[in-house]
Amino acid sequence: MSLSNLIDDWSRYRKGREEGGFHDYEHMWGMSIDLNKCIGCNACSVACYAENNLAVVGKEKFEKGQGMHWLRLERYWDEPDLGEERTTEFQQHGASFLPMMCQQCNAATCEPVCPVAATYHTPDGLNAQVYNRCIGSRYCSNNCPYRLRYFNFWSYYEDSWPAPLQMQLNPDISVRDKGVMEKCTFCVQRIRTVKDTARMEDRKVRDGEVQTACSQTCPTGAIEFGDMLGMYDPETGVAETKVTRMWRKHQVEFGKTKQNKQTPDMRGYRVFEFLNTDPCVMYLDRVREV
Amino acid sequence: MQNNEVYKDINEDLKWAQINKDVLKSMENPRKGYWISVAVCLFLIMFAVVGEVYQYQVGMGAANLNWPHMWDLYIATFIFWIGMSHAGTLLSAILHIMNADWRKPIYRFAEAMTTFSLMTAGLFPMIHLGRLWNMYWVLPYLTDRGIWPNFRSPLVWDAFAISTYLTSSALFLFIGMIPDLAICRDNARGWRKKLYTALSLGWRGDDRQWRNFRRTYLIMACFLIPLAVSVHSIVSSDFAMSIMPGWSVTSFPPYFVAGALYSGCAAIITLFILLRYYFRWEEYMTIAILEKTAKLTFAIAMVWTYLNLIEFASVWYGHSAADKEVLLAKFSGPYAPFFWGMIFCGSVVPFALAFEKWRRHLPTMMVVSILLNIGMWLERWMIVTPTLSLSYHPIAHDVMWPSWVQWFIVLGSFGWFGLLFLIFVKVFPAVSMYECKEMVLHRRELANKEISPVMANNPGGGASIGGGSPAPGVANKSPGVEGS
């Protein structure tokens, strides 16, 4: 504990800000989600439950809005303007789906408001949540425009995994108790494992080596996950990855509140870009015939 | 028309010894009504304890909080109590600097109200924490792990601002009480004697002590005013610093401060009437003072209404669809009854204060002041909850009502405040004796009354202005009340 630590941290923080923020980063994890490919099967959500020890709260508490689904599949009904007489058939085009997980914003609104700094930005460009540090003031969730943070309103452990179900919990990640905020981590335990392996073998992390549970499970391959440092700063020598190619193709860039797209076939967008949260997840708009 | 003589701030023929006697009498053995009030307060606290123990055991879900209703009545009531605390500073510090001496008989209990409502407010951020047992992590305490709180977070500013304000206002209350504590010391026996002897810090009432006392008091007053303004501005930044529609409003800091003074003044009127009734303090808590407080409340009510309208207008003419949606939902959504209740109580009811007849009628003023405070409590709730139920993301639109646990704890907070206040009025003088005497003296001079040489030195016929023996210059050396 010392003042010099604080001053050091502060100067590092200021330096990073002035130089654009991401220079010390080893990686910058991001996603690209193609809504054309999404069939709304919810497999990603299920995989997330299994991978991240998410509590299964039961029907009653879920209806009360106390569910813990880090990755939620939002369903929106299409309502094309077909004129007065056919409004009852608005569902003929089916629903569109939007898988929403933590957007890992570069300018995350949840981070500055946490009183104990339990949520912060990692050098990997992730928006981390430290469960042990969280005191449960819930301000982060209130300030998240995506509402992607979930709070342990009850102690779910015994109800969710009655013996012997606790045997199937993922040992790489903790089980959270009541009073703690949690959210999607981009499967940080998998990222750690791959990074450690790469360091042991004295090489760089290869593209596609890290897979989140959701992208691994998606039957149509709608979710792409990868390192996006090359996207931000090409001079760092980071190779192009599948995700960065996707972002470039659809002309979505970081640090913008509005993307200028030149042609309509560039479908990329980020949710609530206008709030300047600078999310790391790009969605590709669904195209349909109306 | 009524006789103007009746409506004087204070009767200038009041004897100083009489003032001592009246105030000291209020600290004597309590009557039945007092014990009933204490019992009611304890009963309310019991409710809160039951709710809190249950919530502590099972988690915040007991309060019926959910996603996205992460905050609810706890934060609303927290702001309410913080707001209440501003009236004491207004009366004792701001009006002191502005030389409004009508504040003198009523500022002591207002200041006590400040301290106790802060002590009540401080409980709520703790109650609402998911992990209450780790609440001290918000403070920058020294630890080997080198972990600091996040200084960018308004919640940390809250912790600093409120603890500073609580310390300073408690200190201010104590300092202003020293001459009175000396009077108590001179007249007390038993454990009270020991207590007041320790607390009066050897006050003898000599020239040097008075000079230092005045200076300290003035400095504290000057220190407290910016502090009071900053505290509620910081509390408002819990909302204004966020990006949520209906919360990130630039006018929130002045709006909150106005609301705070408003609810504080209303609470002063309530307590004023209660104390006047319980202790029969008609000589001190006069109708004229009540009227002045009411006028002040009316003025603040209009400022608050104006700031409210500013907020609506800036949302209306702004180009944020989400902000507009939240505003419209307040007008016509599921929370509309409470919203209109707030507008009625906060902006319509205060017009009752514009009429002299009602300002002088105690039962009317009682009802009005309680309505005003209900309105202000609703205001805080309407700031917190509609935004949560209707933020940017359509999938997270939800309406949720607080459970019994929240209501119990909110009710219990009133009991807690009441209990602290009841203990205060029996242990400490709730009317400032020395300042009432000053006021009597000044009024007498203003009235150009003949002051006899003896009266000039000691108009009370025995009692000194503060405790202890009178200043060396005063010829008539006399002990306390017995001298009269």
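Residues numbered from 1 in each chain as written. Chains lettered and ligands numbered in written order. Predicted model: local features only at pLDDT ≥ 70, side-chain atom pairs only at ≥ 80, totals over all residues.

Undergrad: Help me understand the overall build of chain B in this model?
TA: Along its length, chain B carries 18 helices and zero strands. Across its three principal axes, chain B shows a C-alpha extent of roughly 80 × 65 × 40 Å. Residues counted as buried form 47% of the 484 residues belonging to chain B. Contacts in chain B between residues at least 24 apart in sequence constitute 81% of all its contacts with a sequence separation of at least 6. (Helix = DSSP H or I, 4+ residues; strand = E, 2+ residues; numbered from the N terminus. Buried ≥ 20, exposed ≤ 12 C-beta atoms within 10 Å, placed from the backbone. Contact = placed C-beta atoms within 7 Å.)

Undergrad: What am I meant to see in the overall build of chain A here?
TA: Tallying secondary structure elements over chain A gives 10 helices and 10 strands in all. Considering only residue pairs separated by 6 or more positions, chain A has 61% of its internal contacts joining residues 24 or more positions apart.

Undergrad: Please clarify how the pairing of strand E8 (residues 223-227) of chain A should be interpreted in this entry.
TA: Residues in a regular strand point their side chains to alternate faces of the sheet. Residues and elements named next belong to chain A. Taken across its five residues, E8 has five buried, putting it largely inside the fold. Here strand E1 (residues 29-34) pairs with E8 via five bridges, running antiparallel. Opposite Trp-29, over in E8, you have Asp-227 as the bridge partner. (Pairing = 2+ DSSP bridges.)

Undergrad: Mind showing me how you'd approach the packing of helix H7 (residues 154-187) of chain B against helix H8 (residues 190-199) of chain B here?
TA: Each pair of packed helices gets described by two things: the angle between the helix axes and the distance between those axes. Residues and elements named next belong to chain B. Axis separation between H7 and H8 bottoms out at 8 Å; the angle between their running directions is 150°. By the criterion of interaxial angle, the relationship of H7 to H8 is roughly antiparallel. As H7 packs across H8, the resulting crossing turns out to be left-handed. Seen from H7, the contacting residues are Leu-181, Cys-184 and Arg-185; seen from H8, they are Lys-193, Tyr-196, Thr-197 and Leu-199. (Axes fitted to C-alpha atoms, helices over the stretch in contact; angles between N-to-C directions. Parallel < 35°, antiparallel > 145°, perpendicular 65-115°, else oblique. Left-handed = near helix turned anticlockwise from the far one by under 90°.)

Undergrad: When you look at the sheet that holds E8 of chain A in this model, what are you seeing that I'm missing?
TA: Across a sheet, paired strands are connected by hydrogen bonds in the backbone, their directions being either parallel or antiparallel. Residues and elements named next belong to chain A. Overall, mixed pairing links the four strands, which are arranged E8-E1-E10-E9 in an open sheet. Of all the strands in the sheet, just E8 and strand E9 (268-269) have a single pairing partner and so form its edges. In the packing of helix H10 (residues 242-249) onto the sheet, contacts are made with E1, E8, E9 and strand E10 (281-284), and the angle to E8 comes to roughly 110°.

Undergrad: Is there a simple way to think about the confidence of the model for chain B in this case?
TA: Fine structural detail should not be taken from predicted coordinates in areas where pLDDT scores are low. Residues and elements named next belong to chain B. Confidence along chain B averages 85 in pLDDT terms, with 91% of residues attaining 70 or more. Note on residues 452-457: pLDDT under 50 across the span, and five contacts to partners over four residues away in sequence or across chains. Scored below 50 in pLDDT, residues 470-484 makes 38 contacts in the model with residues more than four places away or belonging to other chains. Reported confidences for the modelled complex are a pTM of 0.89 and an ipTM of 0.86. (pLDDT = per-residue confidence, 0-100.)

Undergrad: Teacher, can you tell me more about the interface of chain B and chain A here?
TA: Often, the extent of an interface is quoted as the loss of accessible area on bringing the components together. With 40 residues of chain B at the interface, the matching set in chain A holds 36 residues. Looking at the side of chain B that touches chain A, the element that brings in the most residues is H7 of chain B, giving three residues. Residues belonging to the side of chain B that touches chain A are distributed by class as follows: 24 nonpolar, 12 polar and four charged. (Nonpolar A, V, L, I, M, F, W, Y, C, P; charged D, E, K, R; others polar.)

Undergrad: What is the right way to look at the packing of helix H12 (residues 321-332) of chain B against helix H15 (residues 362-389) of chain B in this model?
TA: Residue and element names in this part refer to chain B. Packing of H12 against H15 brings their axes to within 10 Å, and their N-to-C directions diverge by 120°. The angle between H12 and H15 places the two elements in the oblique class. Read as a crossing pair, H12 and H15 show a hand that is right-handed. On H15, the residues that touch Val-326, Ala-329 and Lys-330 of H12 are Met-382, Pro-386 and Thr-387. Considered class by class, the residues forming the contact of H12 with H15 number four nonpolar, one polar and one charged.

Undergrad: How should the nonpolar core be read in this particular structure?
TA: Considering soluble globular proteins, one finds that nonpolar side chains tend to be buried as a cluster. All names here are of chain B. Counting residues in hydrophobic clusters, the biggest one holds 193 residues, and the most contacted among them are Ala-87, Ile-106, Met-113, Leu-261, Tyr-262, Cys-265 and Ile-268. Looking at this core, the element that brings in the most residues is helix H10 (residues 252-279), giving 17 residues. Not counting residues up to four positions away in its chain, the partners in contact with Leu-261 are His-86, Ala-87, Leu-90 and Ile-300. (Core = buried A, V, L, I, M, F, W, Y, C linked by C-beta atoms within 7 Å.)

Undergrad: Sorry, what's going on with unusual backbone geometry here?
TA: Keep in mind that most residues, glycine aside, have a negative phi and that most peptide bonds are trans. Note that the residue after Ala-163 of chain A, namely Pro-164 of chain A, is joined by a cis bond; omega there is 5°. Inspection of the secondary structure puts Pro-164 of chain A in the loop between helix H6 (157-160) and strand E7 (181-182). Pro-68 of chain B follows Trp-67 of chain B through a cis peptide bond whose omega is 10°. Considering the arrangement of structural elements, one finds Pro-68 of chain B in the loop between helix H2 (32-58) and helix H3 (73-84). Of note in this structure, Gln-251 of chain A is not a glycine but carries a positive phi near 50°. Given 14 C-beta atoms within 10 Å, Gln-251 of chain A falls into the partly exposed group. Residue Phe-272 of chain A is not a glycine yet carries a positive backbone phi of 50°. Its location among the elements puts Phe-272 of chain A in the loop between E9 and E10. Judged by the 18 C-beta atoms lying within 10 Å of it, Phe-272 of chain A falls in the partly exposed class.

Undergrad: Explain helix H9 (residues 207-240) of chain B here, please?
TA: Because each turn of an α-helix spans 3.6 residues, side chains separated by three or four positions end up pointing in the same direction. The end-to-end C-alpha distance of H9 of chain B is 49 Å, a good match for the 50 Å that 34 residues give at a rise of 1.5 Å each. Residues of H9 of chain B that are buried: Met-220, Leu-224, Ala-228, Val-231, His-232, Ile-234, Val-235, Ser-236, Asp-238 and Phe-239 of chain B. (Expected span 1.5 Å × (residues − 1).)

Undergrad: What's the story with H10 of chain A in this structure? I'm lost.
TA: Residue and element names in this part refer to chain A. Residues of H10 that are buried include every one of Val-243, Thr-244, Met-246 and Trp-247, and no others. The buried residues of H10 occupy one face: seen down the axis, they fall within an arc of 155°. Immediately beyond the C-terminal end of H10, within one or two residues, lies Gln-251, with a positive phi of roughly 50°. (Arc of directions from axis to C-beta.)

Undergrad: Whenever I open this one, the environment of Leu-201 of chain B confuses me. Can you help?
TA: Relative to the helices and strands, Leu-201 of chain B is located in the loop between H8 and H9. For the pair Leu-201 of chain B and Leu-181 of chain B, spaced 20 residues apart in sequence, the C-alpha separation works out to 9.1 Å.

Undergrad: Looking at this model, I keep getting lost on the environment of Met-46 of chain B. Mind explaining?
TA: Residue and element names in this part refer to chain B. Position of Met-46 among the secondary structure elements: in helix H2. Judged by the 13 C-beta atoms lying within 10 Å of it, Met-46 is partly exposed. Counting along the chain gives 273 residues from Met-46 to His-319, while the straight-line C-alpha distance between them is 48 Å.

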